[in-house]
Amino acid sequence: PTIVSYLPGGLGFIYLYHNGFTGAIPSTISKFTNLWAFNVAGNQLTGDLASIIGYLSTSAREISFFGNLLTGTIPSSIANFTSLGILDVGYNNNLTGDMGTIIGYLPTGIEILGMGGNGFTGTIPSTIGDLIYLNVLGVENNNLTGDMGTIISYLPTGIGQLYMGGNGFTGTIPVDIGDIMYL
């Protein structure tokens, strides 16, 4: 959206969610070097997610592209966002990639991870347990597989919300799900 080119470069928070924006997110968002939050959820924005993330300041704490029309995958460069607490790319419908690889890229301080309603594949790896601050995990309505009992055993014990429906998980829900403090 051309609106971005008119905004002053010193902005720390950009909340443009639930408008009627269409088109690609321009590379000019790179001018926001102090960006703490970038939320453009609920629009009809297009473009390659890896490229867009490459434009953003690595100081960002919140990134939300929920409900747009983005393509591609979450890039390895997401690891450079060391203060990232919220990443929501849910319901873009065109995002893909191997869940195990993507989880390995995430900064360990992430608290909210929304990836539902896309085309992610694979399984949730044991490294999900390294995300010790993870409170919300939304991976529903993807193409994920794996044994539910094993996956549950990997989750951080402080997780409070877990959305995993609409995938191809197998097995049973284990008794030790009760060990998760806030679920």
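Residues numbered from 1 in each chain as written. Predicted model: local features only at pLDDT ≥ 70, side-chain atom pairs only at ≥ 80, totals over all residues. Heavy atoms only, no water.

Q: Describe in detail the packing of aromatic side chains, supporting the description with residues and values.
A: Using the criterion set out here, one finds five aromatic pairs in the structure. Both rings, one in F13 and one in W36, keep their centres 5.3 Å apart while their planes meet at 50°; by these two values the pair is tilted. On the criterion of sequence distance, the pair formed by F13 in strand β1 (residues 13-15) and W36 in the loop between β2 (22-24) and β3 (37-39) is long-range, its members being 23 residues apart. On the accessibility criterion, W36 (40% relative accessible area) is partly exposed. (Phe/Tyr/Trp six-rings, centres within 6.5 Å; stacked < 30°, edge-to-face > 60°. Helix = DSSP H or I, 4+ residues; strand = E, 2+ residues; numbered from the N terminus. Buried < 20%, exposed > 50% of the residue type's maximum accessible area, 1.4 Å probe, protein only.)

Q: An account of a nonpolar patch on the surface is requested, with residue identities and associated values reported.
A: Nonpolar side chains collect at one region of the surface, where F13, Y15, Y17 and W36 lie side by side and expose about 440 Å² of accessible area between them. Considering the arrangement of structural elements, one finds Y15 in strand β1. The exposure class of Y15 is partly exposed, given its relative accessible area of 39%. (Patch = residues over 30% accessible without salt bridge, like charges linked within 9 Å, V, L, I, M, F, W, Y side chains within 5 Å. Areas by Shrake-Rupley, 256 points an atom, 1.4 Å probe, with all protein chains shown as cover. Salt bridge = Lys/Arg side-chain N within 4 Å of Asp/Glu carboxyl O.)

Q: Go over the environment of D88, please, and point to the residues and values.
A: By the secondary structure assignment, D88 is in strand β7 (residues 86-88). In the structure, D88 is positioned 47 residues away from A41 in sequence and 8.6 Å away in space, judged by C-alpha atoms. Among the polar contacts made by the side chain of D88, one reaches the main-chain amide nitrogen of G90 at a distance of 3.0 Å. (Polar contact = N/O pair within 3.5 Å; in protein donor to acceptor, adjacent residues only side chain to side chain.)

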